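Each chain is listed here by its residues.
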Amino acid sequence: MTTIGFLARRVLAALALVFVATSGALLLAQLAPGDYASQFGRDQAQVAAERHRLGLDLPVAQQYARWLKRSLTLDLGESFQYQRPVTALVAERAWNTALLAATSLAVATLLGIPWGIVTGSRRGVLIRALRGVSLLFLSIPPLISSLTMLAVAARTGWLPVSGMGGVSHLVVPTLALALPIAAILERLQAQSIGDALATPMALSARARGISRRRIVWRHAWRQSLGPILAIYGVIVGTLFSGSFAVEIVTSWPGLGDLMRQALLTRDTYLVAGCAAAGAAFLAAGVLLGDVLHAVVDPRVGGA
Amino acid sequence: MREVREVRGVRAPLLVFAALALLVIAAPGLAPYAPGRQFDGYPYAPPMRPHVIDAAGAWHLPFAHPISLADPIERRYVEDRRARITFASREPWFLLGSDALGRDVLSRVLTGARLSLGLALLSAALALAIGAAIGAVAGYAGGWTDTWLMRIADLALVLPVIYAVLALRGALPLVLTTVQVFTAFVAVFALVGWPSAARGVRGIVVVEGRSGYAEAARALGASPARIIARHLLPATRGFLAVQATMLVPAFIMAEATLSFVGLGFAPPTPSWGVMLTDAASIRTTADTPWLLAPAGAIVLTVLVIHSVAHGRDPLLDS
C-alpha cells in the first residue's frame, strides 16, 4: 500500500473517532434524566417555555439531526448557560488545555526517554534506585500530586496556588501531569533499549569492539523508539484523563473544567463540544504517533 | 522456567488482590470509631502520636496523651502530658487527626476502603470477565465477527478513561444514593475497561487455537465452548493478572476523581474520593496536611499493585 493510502486511512479513522465520540457524548447527555431547563424553579409554564426556546422539547432524534446538520458547517450550537456559541467557548478552553498538555508531554518525553535509556542499558544500585523512583511516580496520580504540591506551595509560598498566568502557574499542573507519564515512558524505553541491545546487530557491534556507550547512544536508542511512538496515542489519552483532575484542582481554565460545569448543568451542546475537542486532540495524538512510527520504522507504513 | 513465570505472573498479583479483598471485608471492622461520629470540640485535631513510656518513665501498652482545643480561632491544641488514653477512653484518639467536623480520619480511611477498593476490585473482575468472553469469541470465531468486535474494542481503547466514564455518568441522574452510585460505577467501569482485556485474550486465543492440544481437542469432538473454556482461556491467566494490575489502580483513581468533582459518591459517605474533597481547599490543607491521608492510602495501594507487576511491562504485554 502507498504512503498516501496509509495516511488517508489513518485520517479517516481519526475523523471517525471524533464523530463517534462527539455523537456519543451528545446522545448520552440528551438521554439523561433532567435537562437544563428543569433547574428554572417550580413554575411549570416557565420551564416549558424555556424548554421550547432551547429546542429541548423536540424528540431526541430530531434534536440530534438538527445538531448534526449544523455541525457540518462547524456550528456546534449554543451553550445554554453562557449563551455563546459552543465553538468559541471550547476553542478558548481547548487552547489552554493544549498548552498544558503539550508542555507536560514535552517535559515527560525529555525526562522519560533519557531516563529509560540509562536504566535500560546499565545495572547497579543507582539504577535500581532510579527504577524505584519511576515506580513511585507511576503510582502517584495527577489528582493527588497536584493536591499535595499545591498544599506545599501554599505553605511555603514558592509557587502560585491557582489559575493561569506566567510560567510559574504552569509548574504544578505540568509536573503533576508529566511525572507519571515520564515514568510510563521510562518503563517502556528501558524495556525497548534492552531488547535493542540484545539484537544480533548490537551484539556483533559489541564483538567488533565498539563501546557499549556508543552502541546505546548512536544505534540502539533509535531502533528502540518504535514501540514508544506506537503508544503515544494511548499516552495522549492518559494525559487528558489526568488533565481533567489537574485542571479542576489548580483552577486551570481548560476543557476539563468546562466539561464538568457542562455536565453538572446539563448543558448538552457544550458537553458535546468539549467531547469533540477532546476527541480531536486524541485523534491528532494517535495520528501523529502513527505517522512518526511509520517515519522511524518504514515497515509500518508500507506493510 | 515455567514455574518461575507462573509465580511471577499469576500468583503474586492474586495474593495482593486477595489481601486487598480481605481489607475490603475487614478494614471497617478495624476502625476505632464510627466513620460518621463527630467529636464536639475537636475540629481539625492534629494526629496524636502513640507513646509507650509515660512522663514518669513507666512502660505501658501504646497510649496517647489527650488533647484539648486551647485556641479555637488559631485551632491550636494542647496536650495533657499527665493523662493517658486508649481507643476505649472517653476522649478521642485521632491517630491520623480529625477533619472539619471532628471525625476521625483513620476510621474514615479504613471504612472508605470498602467502597473505594471494593468498587475497583469488583469492576476490574467484571471488566476482565466481559473482555475475556468477547476476546475468546472474536479469536475463536475469526472472520467478520472478529474484525468488528476488535474494531469496537480499538475505538473504545483510545478513549481516555475519565472522559469515557464522565460521558456515561452524564447519562445518569445527578443525585444518586450510595448503592446506586456503586452499582452504576461497577457497570460503567466494566464497560470502559473490557477492550484492552478483549484484545489481549483474542491474540492469545488465536495463537493457542492453532496449537496441537486445541487441534487434538477438536479432533476428539469437543464443542467450541468447551475448547475455549477448558483449553484456551487457561492460557490467558497470566495476561489477565497483568491486566488486573492496570485496571484496579485506574478504577481507584476514577472513583476518586469523580467523587472529587461531585459526580460520584456524595458526602458524608466515606469514600477516598469524597474525603479528598475535604482536602480540596488548598489554604486549609496547607495547615492540616493529614487531610491528605486518603491520598496516601491510594498511593500506597497503587504502589503495592504496581510493584507486583514490576519487571513485566504491562503496556508492552497488552
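Residues numbered from 1 in each chain as written. Chains lettered and ligands numbered in written order. Predicted model: local features only at pLDDT ≥ 70, side-chain atom pairs only at ≥ 80, totals over all residues.

Taking 1.5 Å as the rise per residue, helix 13 (residues 268–296) of chain A with 29 residues should run 42 Å; its terminal C-alpha atoms sit 42 Å apart, in good agreement. Counted residue by residue, helix 13 of chain A has 21 buried out of 29 residues, so it is predominantly covered. (Helix = DSSP H or I, 4+ residues; strand = E, 2+ residues; numbered from the N terminus. Expected span 1.5 Å × (residues − 1). Buried ≥ 20, exposed ≤ 12 C-beta atoms within 10 Å, placed from the backbone.)

What follows is about the environment of A:Ala176. Tracing the backbone through its elements, the reader meets A:Ala176 in helix 7 (residues 168–197). Along the primary structure A:Ala176 and A:Val133 are separated by 43 residues, whereas in three dimensions their C-alpha atoms are 15 Å apart.

What follows is about the confidence of the model for chain B. Residue and element names in this part refer to chain B. Per-residue pLDDT for chain B has a mean of 82; in total, 94% of the residues score no lower than 70. By mean pLDDT, the top-scoring element of chain B is helix 2 (residues 105–141) (91), and the lowest-scoring one is helix 12 (residues 314–317) (39). Low pLDDT, under 50, characterises residues 1–8; the predicted model gives this stretch three contacts beyond four residues in sequence or across chains. Scored below 50 in pLDDT, residues 312–318 makes 20 contacts in the model with residues more than four places away or belonging to other chains. Scored as a whole, the predicted complex attains pTM 0.83, and scored at its interfaces, ipTM 0.79. (pLDDT = per-residue confidence, 0-100. Contact = placed C-beta atoms within 7 Å.)

A few words now on helix 9 (residues 212–223) of chain A. Residues and elements named next belong to chain A. Here helix 9 has its buried residues at Val216, Ala220 and Trp221. End-on view of helix 9: buried residues confined to an arc of 95°, all on one side of the axis. Exposed side of helix 9, more than 90 degrees from the buried face: Arg214, Arg218 and Arg222 are the residues found there. Buried residues along helix 9 sit against helix 4 (86–121), helix 7, helix 8 (200–207) and helix 10 (225–230). (Arc of directions from axis to C-beta.)

Before going further, it helps to spend a moment on the packing of helix 7 of chain A against helix 9 of chain A. Residue and element names in this part refer to chain A. Between helix 7 and helix 9, the least distance of the axes is 8 Å, while the angle of their chain directions is 110°. Taken as axis vectors, helix 7 and helix 9 run roughly perpendicular relative to one another. Relative to helix 9, helix 7 is oriented so that their crossing is right-handed. Mapping the contact onto sequence places Ile193, Ala196 and Leu197 in helix 7 and Val216, Ala220, Trp221 and Gln223 in helix 9. Class assignment for the residues of the contact of helix 7 with helix 9 results in six nonpolar, one polar and no charged. (Axes fitted to C-alpha atoms, helices over the stretch in contact; angles between N-to-C directions. Parallel < 35°, antiparallel > 145°, perpendicular 65-115°, else oblique. Left-handed = near helix turned anticlockwise from the far one by under 90°. Nonpolar A, V, L, I, M, F, W, Y, C, P; charged D, E, K, R; others polar.)

It is worth spelling out the interface of chain B and chain A at this point. Contacts between chain B and chain A engage 41 residues on the former and 49 residues on the latter. Elements supplying a minimum of two residues to the side of chain B that touches chain A: helix 3 (143–158), helix 4 (161–170), helix 8 (237–260), helix 10 (282–287), helix 11 (293–308) and helix 12 of chain B. Of the residues in the side of chain B that touches chain A, the class split is 32 nonpolar, seven polar and two charged.

With an omega dihedral of 5°, the bond running from B:Pro267 to B:Pro268 counts as a cis peptide bond. Tracing the backbone through its elements, the reader meets B:Pro268 in the loop between helix 8 and helix 9 (272–278).

On to the confidence of the model for chain A. The pLDDT averaged across chain A works out to 81; a share of 93% of its residues lies at or above 70. The secondary structure element of chain A with the lowest average pLDDT is helix 14 (residues 298–302) of chain A, at 59, and the one with the highest is helix 4 of chain A, at 88.

Right, let's talk about the nonpolar core for a bit. Of all hydrophobic cores here, the largest spans 176 residues; its most connected members are A:Leu147, A:Val271, A:Cys274, B:Val165, B:Phe189 and B:Phe251. For this core, the element with the most residues is helix 2 of chain B, which contributes 18 residues. Those residues within four positions of A:Leu147 in sequence are excluded, and the remaining contacts are A:Val249, B:Leu276, B:Ala279, B:Leu292 and B:Ala295. (Core = buried A, V, L, I, M, F, W, Y, C linked by C-beta atoms within 7 Å.)

Axis angle and axis distance: for two packed helices, these are the angle between their axes and the distance between the axes, and together they describe the pair. All names here are of chain B. With their axes 8 Å apart at the nearest point, helix 2 and helix 8 run at an angle of 135° to one another. Taken together, the axes of helix 2 and helix 8 lie oblique to each other. Handedness of the crossing formed by helix 2 with helix 8: right-handed. Counted together, Ser116, Leu119, Ala120, Leu121, Ser123, Ala124, Ala127, Leu128 and Ala132 of helix 2 and Leu240, Gln243, Ala244, Leu247, Val248, Phe251, Ile252 and Glu255 of helix 8 form the full contact between these two elements. Of the residues contributing to the contact of helix 2 with helix 8, the split by class is 13 nonpolar, three polar and one charged.

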